[in-house]
Amino acid sequence: MSTLPQYTPLRLSRPQGATAMSGGSVVPSGLTGADVIRVLRGNLWLILVMLVVSAGAGYFVNGYLSNNHSRFTATGYCEISAPVTASPLRGAGMLDNLTMAVEQRTQVAAMRSEALFSRVLQNANSPIRQTACFNGFTNPSQARADLMRNFAVNAIQETRLISASMQYSRPEDARVIVQEVVEEHLRQQGQIALNKTFDRTQNLNTMKLRVEAD
């Protein structure tokens, strides 16, 4: 007796996006443009309600964040001066770039110093004491620590300017803080320059008296 070979029929997968019909014909499957329009029309009210709810929720959330978590930045600028040096190539009266960079870094460090913030906050007549930022702390040391965290000072490259900025939830408070700190810094620098001029004058007068005595 001989055994005939047996074959297992292969089942081929249907092409995607098509559906077999009777008679062997194939028609495309999936949503058509008319189906999409019909779905949108059937859920039109739901879509409109979701849009209205989303717009209302966005409005109230934005109002809440604006009133309770908003941040405003006030910025002031100071122009600094440095000794002028003469150069054979550039001529007299040209500002040395290295000297200006050193002077900028010096002024930035002075404007960010803890001593400057302490002087500003210790002034009983300072408008900073009337701000909500200052009154939100129990003692001046906490207010000083907050200033050191949020008061930013930066040298603007290729210029003679220094920027000082403060972030706070109330724009008027931020402006007052920047103005008072910058003005106190300028007063201090003016006093330092005046003292140097006085010392130089005293030294010149002393030298003059010695020469006349000789």
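Not measured: the values here are computed from a predicted model. (Residues numbered from 1 in each chain as written. Predicted model: local features only at pLDDT ≥ 70, side-chain atom pairs only at ≥ 80, totals over all residues. Heavy atoms only, no water.)

A. Looking closely at the overall build of the protein chain. The secondary structure content of the protein chain amounts to 7 helices and 7 strands. Listed N to C, the secondary structure of the protein chain is β-β-α-α-β-β-β-α-α-α-α-β-β-α in terms of helices and strands. Here the protein chain holds 214 residues, and the buried ones make up 21% of them. Pairs at least 24 apart in sequence give 59% of the contacts found in the protein chain among residues at least 6 apart. Surface exposure of the protein chain reaches about 16,200 Å², of which carbon and sulfur atoms provide 58%. (Helix = DSSP H or I, 4+ residues; strand = E, 2+ residues; numbered from the N terminus. Buried < 20%, exposed > 50% of the residue type's maximum accessible area, 1.4 Å probe, protein only. Contact = heavy atoms within 4.5 Å. Areas by Shrake-Rupley, 256 points an atom, 1.4 Å probe, with all protein chains shown as cover.)

B. Broad picture of the pattern of salt bridges. Enumeration over the complete set of coordinates arrives at 6 salt bridges. Notably, a salt bridge pairs Arg170 with Asp173, separated by 4.0 Å at the nearest N-O pair. In this structure, Glu172 engages Arg175 in a salt bridge whose closest nitrogen and oxygen atoms are separated by 2.5 Å. In this pair, Glu172 and Arg175 are both assigned in helix H7 (residues 171-213), 3 residues apart and thus about one turn of the helix distant. Judged by its relative accessible area of 39%, Arg175 is partly exposed. (Salt bridge = Lys/Arg side-chain N within 4 Å of Asp/Glu carboxyl O.)

C. Spotlight on the packing of aromatic side chains. A complete count under the given rule lists 1 aromatic pair for this structure. Ring geometry for Phe117 against Phe151: centres 5.6 Å apart, planes inclined by 75°, an arrangement best described as edge-to-face. Placement of Phe117 in helix H4 (residues 114-122) and of Phe151 in strand S6 (residues 151-155) is noted, with a sequence separation of 34 residues between them. Pair check on accessibility: Phe117 and Phe151 agree, each one buried. (Phe/Tyr/Trp six-rings, centres within 6.5 Å; stacked < 30°, edge-to-face > 60°.)

D. The arrangement of the pairing of S6 in detail. As paired elements, S6 and strand S7 (residues 161-168) share 5 bridges and run antiparallel to each other. Bridge pairing links Asn154 to Ser163 in S7. The hairpin formed by S6 and S7 contains 5 residues between the paired strands, and Glu158 there has a positive phi angle of roughly 65°. (Pairing = 2+ DSSP bridges.)

E. Representation of the packing of H4 against helix H6 (residues 140-150) within the structure. Relative orientation of the contacting elements H4 and H6 amounts to 130°, with a least axis distance of 10 Å. Comparing their axes, H6 and H4 come out oblique. Between H4 and H6 lies a crossing of right-handed hand. Every residue of H6 that contacts H4 at Glu114, Phe117, Ser118 and Leu121 is listed here: Pro140, Ala143, Arg144, Leu147 and Met148. (Axes fitted to C-alpha atoms, helices over the stretch in contact; angles between N-to-C directions. Parallel < 35°, antiparallel > 145°, perpendicular 65-115°, else oblique. Left-handed = near helix turned anticlockwise from the far one by under 90°.)

F. The arrangement of the confidence of the model for the protein chain in detail. Scored by pLDDT, the protein chain comes out at a mean of 79, with 76% of its residues at no less than 70. When pLDDT is averaged over each element of the protein chain, S6 comes out on top at 93 and strand S5 (residues 91-94) at the bottom at 46. Below pLDDT 50 for its whole length, residues 18-28 participates in 13 contacts with residues either more than four positions away or in separate chains. Considering only residues more than four positions removed or in separate chains, one finds that residues 84-93, a stretch of pLDDT under 50, has 14 contacts. (pLDDT = per-residue confidence, 0-100.)

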